[in-house]
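Topology and contacts: notes
Chain by chain, the residues run as shown.
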Amino acid sequence: SIGGGNSGSGNNNNTPPDTGNNDNNSGSTTPDNGNSDAALKEAQAKNLRILQYGQDIAKAELEGSKYWKKALNSFTPGESSTAIAADNYDVIQALSYWNKAMSDAQELMGEIKDDPLYAKAVPYLQKYLDNPTPEPKSGQTILDYGGDVTHSLNRANYFQSFTNVITSISQSLR
């Protein structure tokens, strides 16, 4: 099961050994699949993929925030009521990074949602996914759009909680 094609199958703690995931070594699977070396290695490999997703999401969030900060600094005080968010390069860049973070989080959810090992992390990731940054409305100024951005960036707290749970799972797999 190299390459992550087994979304949701995870480490098979709750499934019998004959799920078809053990094609290469059908005869050598121990009945207690959850503690076998192969199952542990598979769980560790999956966990590495999950940690990588987490890092990618965090990087995208950070890049988006950098561009958002540039957008807020990109106009003079007198322009603040007229600078249109949808026309601002930095706003568009920030949004594209935040959308990438959301897309990665959606894929990550596919990896963990049915795996009992990650059950505690799922609600936090779901709350994160429930707070995407909306596109700027037509004619919306950067300052007005700032309210929408600030509200959606509360998702950082959910992501932090998600990360804490994932970190403790990782340590238990070492």
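Summarised in this report is the structure supplied together with it. Nothing here was measured: the structure is a model prediction, and the numbers come from that model.

Cut-offs applied
- Residues numbered from 1 in each chain as written.
- Predicted model: local features only at pLDDT ≥ 70, side-chain atom pairs only at ≥ 80, totals over all residues.
- Heavy atoms only, no water.
- Core = buried A, V, L, I, M, F, W, Y, C linked by side-chain atoms within 4.5 Å.
- Buried < 20%, exposed > 50% of the residue type's maximum accessible area, 1.4 Å probe, protein only.
- Helix = DSSP H or I, 4+ residues; strand = E, 2+ residues; numbered from the N terminus.
- Contact = heavy atoms within 4.5 Å.
- Salt bridge = Lys/Arg side-chain N within 4 Å of Asp/Glu carboxyl O.
- Phe/Tyr/Trp six-rings, centres within 6.5 Å; stacked < 30°, edge-to-face > 60°.
- Axes fitted to C-alpha atoms, helices over the stretch in contact; angles between N-to-C directions.
- Parallel < 35°, antiparallel > 145°, perpendicular 65-115°, else oblique.
- Left-handed = near helix turned anticlockwise from the far one by under 90°.
- Nonpolar A, V, L, I, M, F, W, Y, C, P; charged D, E, K, R; others polar.

Judged by nonpolar contacts, the single largest core of 23 residues is most densely connected at Ile57, Leu108, Ile112, Tyr118, Leu125, Tyr128 and Phe162. Within the residue set of this core, elements represented by two or more residues are helix H1 (37-72), helix H2 (89-112), helix H3 (122-129) and helix H5 (155-173). Sequence-distant contacts of Ile112, that is, excluding residues within four places in its chain, are made with Ile50, Tyr118, Ala121, Val122, Leu125 and Phe162. The next biggest cluster of nonpolar side chains, apart from the first, holds 13 residues, and it includes Trp68, Ala85, Ala94 and Val149.

Time to look at the pattern of salt bridges. This structure, assessed with the given rule, holds seven salt bridges. A salt bridge links Glu61 to Arg155; its shortest N-O distance comes to 2.7 Å. Of the two residues, Glu61 is situated in helix H1 and Arg155 in helix H5; the sequence distance between them amounts to 94 residues. One exposure class covers both Glu61 and Arg155, and it is buried. Across the pair Lys66 and Glu63 runs a salt bridge, and its minimum N-O distance is 3.2 Å. Residue Lys66 and its partner Glu63 are located together in helix H1, separated by three residues, close to a single helical turn. Given a relative accessible area of 26%, Glu63 falls into the partly exposed group.

Residue position: Phe162 is located in helix H5. Residue class for Phe162 comes out buried when judged on its relative accessible area of 2%. Counting along the chain gives 39 residues from Phe162 to Pro123, while the straight-line C-alpha distance between them is 8.2 Å. Apart from the residues within four sequence positions on either side, Phe162 is in contact with Leu108, Ile112, Ala121, Tyr124 and Leu125.

Evaluation of the coordinates by the stated rule reveals six aromatic pairs. Here Tyr67 and Tyr97 contribute two aromatic rings whose centre-to-centre distance is 5.8 Å and whose plane-to-plane angle is 15°, an arrangement assigned as stacked. A residue pair is termed long-range when its members are at least 10 positions apart, and Tyr67 in helix H1 and Tyr97 in helix H2 qualify at 30 residues. Measuring from centroid to centroid gives 6.5 Å for Trp68 and Trp98, while their planes differ by 55°, and the two rings are tilted. You can see Trp68 sitting in helix H1 and its partner Trp98 sitting in helix H2, a full 30 residues away along the chain.

The next point concerns the packing of H3 against H5. At a minimum axis separation of 8 Å, H3 and H5 run at an interaxial angle of 155°. With respect to their mutual orientation, H3 and H5 come out roughly antiparallel. The hand of the H3/H5 crossing is left-handed. Contact with H3, carried on its side by Tyr124, Leu125, Lys127 and Tyr128, involves Arg155, Tyr158, Phe159, Ser161, Phe162 and Val165 of H5 and no other residues of that element. Its residues assigned to classes, the contact of H3 with H5 comprises seven nonpolar, one polar and two charged.

These figures come from the coordinates and say nothing about function on their own.
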